[in-house]
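In case you want the letters, here they are:
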Amino acid sequence: MLQNYTSLIDAAIMLGLGLAIHLAQSRVCSILLCVYGVINTIIVFLSSGEFGGWLILVAAIYAIVATFQYQSAWNKYSKSGQLPY
C-alpha cells in the first residue's frame, strides 16, 4: 500500500516540475529535477542494488541545457530586438 502512495508522489513531483519547465521555461525547476533525479537514482540503487531511475537524470540534463539556451536567446532578443538563429 505504501508503494502506491510513493509512486503517486513520485509521479506528481515529476509532473509538476516537468510542467513548470515546459510552460514557464524555469531554470530553477530543471535544476530541481536534476537534484531529484540524483536522489531518486541513489535511493533506487540502495534499495534494489540496480542502477535505475537514470532516465530522470537524462531528461533533467536536457532540460537544464534547453532552459539555459532559452534564457540566453531571450536575453539576446531583449537587447537587440532580432530573433536569434
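Structure: above.
These remarks concern the structure in this document. The structure displayed is predicted, hence computed values, not measured ones.

Cut-offs used in this document
- Residues numbered from 1 in each chain as written.
- Predicted model: local features only at pLDDT ≥ 70, side-chain atom pairs only at ≥ 80, totals over all residues.
- Heavy atoms only, no water.
- Core = buried A, V, L, I, M, F, W, Y, C linked by side-chain atoms within 4.5 Å.
- Buried < 20%, exposed > 50% of the residue type's maximum accessible area, 1.4 Å probe, protein only.
- Contact = heavy atoms within 4.5 Å.
- Phe/Tyr/Trp six-rings, centres within 6.5 Å; stacked < 30°, edge-to-face > 60°.
- Lys NZ or Arg CZ within 6 Å of the ring centre and 35° of its normal.
- Patch = residues over 30% accessible without salt bridge, like charges linked within 9 Å, V, L, I, M, F, W, Y side chains within 5 Å.
- Areas by Shrake-Rupley, 256 points an atom, 1.4 Å probe, with all protein chains shown as cover.
- Salt bridge = Lys/Arg side-chain N within 4 Å of Asp/Glu carboxyl O.
- Helix = DSSP H or I, 4+ residues; strand = E, 2+ residues; numbered from the N terminus.
- Expected span 1.5 Å × (residues − 1).
- Polar contact = N/O pair within 3.5 Å; in protein donor to acceptor, adjacent residues only side chain to side chain.

With that settled, the discussion passes to the nonpolar core. Counting residues in each nonpolar core, the largest one holds eight residues, listed as Leu17, Ile21, Cys29, Leu33, Cys34, Ile56, Ala60 and Ala63. Apart from residues no more than four positions distant in its own chain, leucine 17 is found in contact with Cys29, Leu32 and Leu33.

Under the counting rule described, the total for this entry stands at one aromatic pair. Stacked on the ring of phenylalanine 68, the Lys or Arg arginine 27 has its end atom at 5.1 Å from the ring centre.

The next thing to look at is a nonpolar patch on the surface. A cluster of nonpolar side chains, Val38, Ile42, Phe45, Leu46, Phe51, Trp54, Leu55, Val58 and Tyr62, forms an exposed patch at the surface whose accessible area comes to about 970 Å². Looking at the nonpolar patch, the elements with two or more residues in it are helix H2 (27-48) and helix H3 (54-80). Following the sequence through the fold, valine 38 ends up in helix H2. The class for valine 38 is partly exposed, based on a relative accessible area of 37%.

Attention now moves to H2. Along its 22 residues, H2 runs 31 Å from first to last C-alpha, staying within 8% of the 32 Å computed at 1.5 Å per residue. Within the sequence span of H2, burial applies to Cys29, Ser30, Leu33, Cys34, Tyr36, Gly37, Asn40 and Thr41. Looking at where H2 begins, the residue whose side-chain oxygen comes 3.1 Å from the main-chain nitrogen of cysteine 29 is serine 26. Following H2 by one or two positions, glycine 49 has its phi on the positive side, about 80°.

None of the figures reported here should be taken as evidence of function without further support.
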